[in-house]
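Below are the chains, spelled out letter by letter.
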Amino acid sequence: TPLSGWGDDNDNQKSTGGWLASYSVFEPHWQVTMADARATGYATWDGKRYEFDNVPFYAEKNWGGSFPSKWYWVQCNSFQDYTGTIKDGDSSSISRLSLTAGGGTRKVPFGRTEDLGMVSVH
């Protein structure tokens, strides 16, 4: 069940990279599809079934023709004792907290590389 994506919870999702994401120089392309969600299901690992119910979940998509030579990624949407805030007395408008940070060393035109990073609270 999606709770928050990238952009306004009550509007269409926004492109993580904005209109710049259409240019290959900004590969790999990246889209957060669910910054905060809840998942129910199971996973089977080494013959053992692990079930989960209504647990915090995050999903994204990466694509393109290149990937950074070095990279890091941190994401959290489950903070102990964080209950959110209610906007204008409307309990259906509980704010959520999701933190995303990432970066790396990537190729740019003319055989060069660049180091970059970002932190986002959404």
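So, how was this worked out
- All residue numbers refer to position in the chain's written sequence, counted from 1.
- A pLDDT threshold of at least 70 governs which residues receive local features in this predicted model, and a stricter bar of 80 or more applies before side-chain atom pairs are shown or counted, although totals over entire chains, interfaces and linings include all residues.
- The basis for every side-chain value is the complete set of heavy atoms in the structure, and neither hydrogens nor water enter the calculation.
- Strands here are runs of E lasting at least two residues and helices are runs of H or I lasting at least four, both read from the DSSP assignment and numbered beginning at the N terminus.
- For each residue, the accessible area found with a 1.4 Å probe, counting protein chains only, is set against the maximum for its type, and the residue is called buried under 20%, exposed over 50%, and partly exposed in between.
- Residues count as neighbours in contact if any of their non-hydrogen atoms are within 4.5 Å of one another.
- Surface patches are drawn from residues lacking salt bridges whose relative accessible area is over 30%; two like charges belong together within 9 Å, two nonpolar side chains (Val, Leu, Ile, Met, Phe, Trp, Tyr) within 5 Å.
- Per-residue and other accessible areas were derived by the Shrake-Rupley procedure at a 1.4 Å probe size, with only the shown protein chains allowed to occlude residues.
- Salt bridge, as used here: a side-chain nitrogen of Lys or Arg that lies within 4 Å of a carboxyl oxygen of Asp or Glu.
- Both site types are read off a 1 Å grid over the protein atoms alone. A 1.4 Å probe that fits but cannot get out defines a cavity, while an open set with protein on both sides within 12 Å along at least five of seven lines defines a pocket; lining residues have an atom within 4 Å of a point.
- Grid points are joined across faces, edges and corners, and a volume is the space filled by probe spheres set on the points.
- Any residue that is not Ala, Val, Leu, Ile, Met, Phe, Trp, Tyr, Cys, Pro, Asp, Glu, Lys or Arg is counted as polar, Gly included; the first ten are nonpolar and the last four charged.
- Two strands pair if DSSP finds at least two bridges between them.
- Convention adopted: a line fitted to C-alpha atoms gives each axis, helices being fitted over their contacting stretch, and angles between N-to-C directions are expressed from 0 to 180 degrees.
- Only rings of Phe, Tyr and Trp enter the pairing, Trp through its six-membered ring, and a pair is recorded when the two centres are within 6.5 Å. The plane angle decides the type: under 30 degrees is stacked, over 60 is edge-to-face, the rest tilted.
- Both a distance and an angle decide whether a charge sits over a ring: NZ of Lys or CZ of Arg must be within 6 Å of the ring centre and within 35 degrees of the ring normal.

J.: Help me out: how do you make sense of the overall build of the protein in this one?
T.: Summing up its helical and strand segments, the protein has 0 helices and 6 strands in all. What you see in the protein, going N to C, is helices and strands ordered as β-β-β-β-β-β. Of all 122 residues assigned to the protein, the portion counted as buried reaches 25%. Residue pairs in contact within the protein that sit at least 24 positions apart in sequence constitute 47% of those at least 6 positions apart.

J.: Before we go on, may I ask you to explain a nonpolar patch on the surface in this structure?
T.: Side chains of Trp-19, Leu-20, Tyr-23 and Phe-26 sit close together on the surface and give an oily, nonpolar patch of about 450 Å² of accessible area. The residue Leu-20 is located in the loop between strand 1 (2-4) and strand 2 (29-45) in this model. Classification of Leu-20 as partly exposed rests on a relative accessible area of 33%.

J.: Can you walk me through the layout of surface pockets in this structure?
T.: Gaps between atoms show up when a probe of the same size as a water molecule is rolled over them. The calculated volume of the largest pocket comes to roughly 580 Å³. Lining the largest pocket are 24 residues, with Phe-26, Pro-28, Trp-30, Arg-106 and Leu-116 positioned closest to its centre. Looking at the lining of the largest pocket, the elements with two or more residues in it are strand 2, strand 3 (48-63), strand 4 (70-76), strand 5 (99-108) and strand 6 (112-121). In terms of residues, the lining of the largest pocket owes the most to one element, strand 5, which gives 5 residues. Of the residues that constitute the lining of the largest pocket, the class distribution is 12 nonpolar, 9 polar and 3 charged.

J.: I'm lost on the sheet that holds strand 5 in this one. Help?
T.: Within a sheet, each strand pairs with its neighbour through backbone hydrogen bonds, oriented either parallel or antiparallel. The sheet built from 3 strands is open, its strands ordered 4-5-6 with antiparallel pairing. Looking at strand neighbours, the two that pair on one side only are strand 4 and strand 6, the edges of this open sheet. Strand after strand, the sheet turns through a mean of 15 degrees between neighbouring axes, direction not considered. Strand direction decides the pairing type here: strand 4 and strand 5, joined by 7 bridges, are antiparallel.

J.: How should I be thinking about the packing of aromatic side chains in this particular structure?
T.: Note on aromatic pairs: each is described by the distance of the centres and the angle between the planes. Taken as a whole and judged by the stated rule, the model has 1 aromatic pair. Just above the ring of Trp-63 sits the side chain of Lys-61; from NZ or CZ to the centre is 5.2 Å.

J.: What is the right way to look at the environment of Arg-112 in this model?
T.: Relative to the assigned elements, Arg-112 resides in strand 6. A relative accessible area of 58% places Arg-112 in the exposed class.

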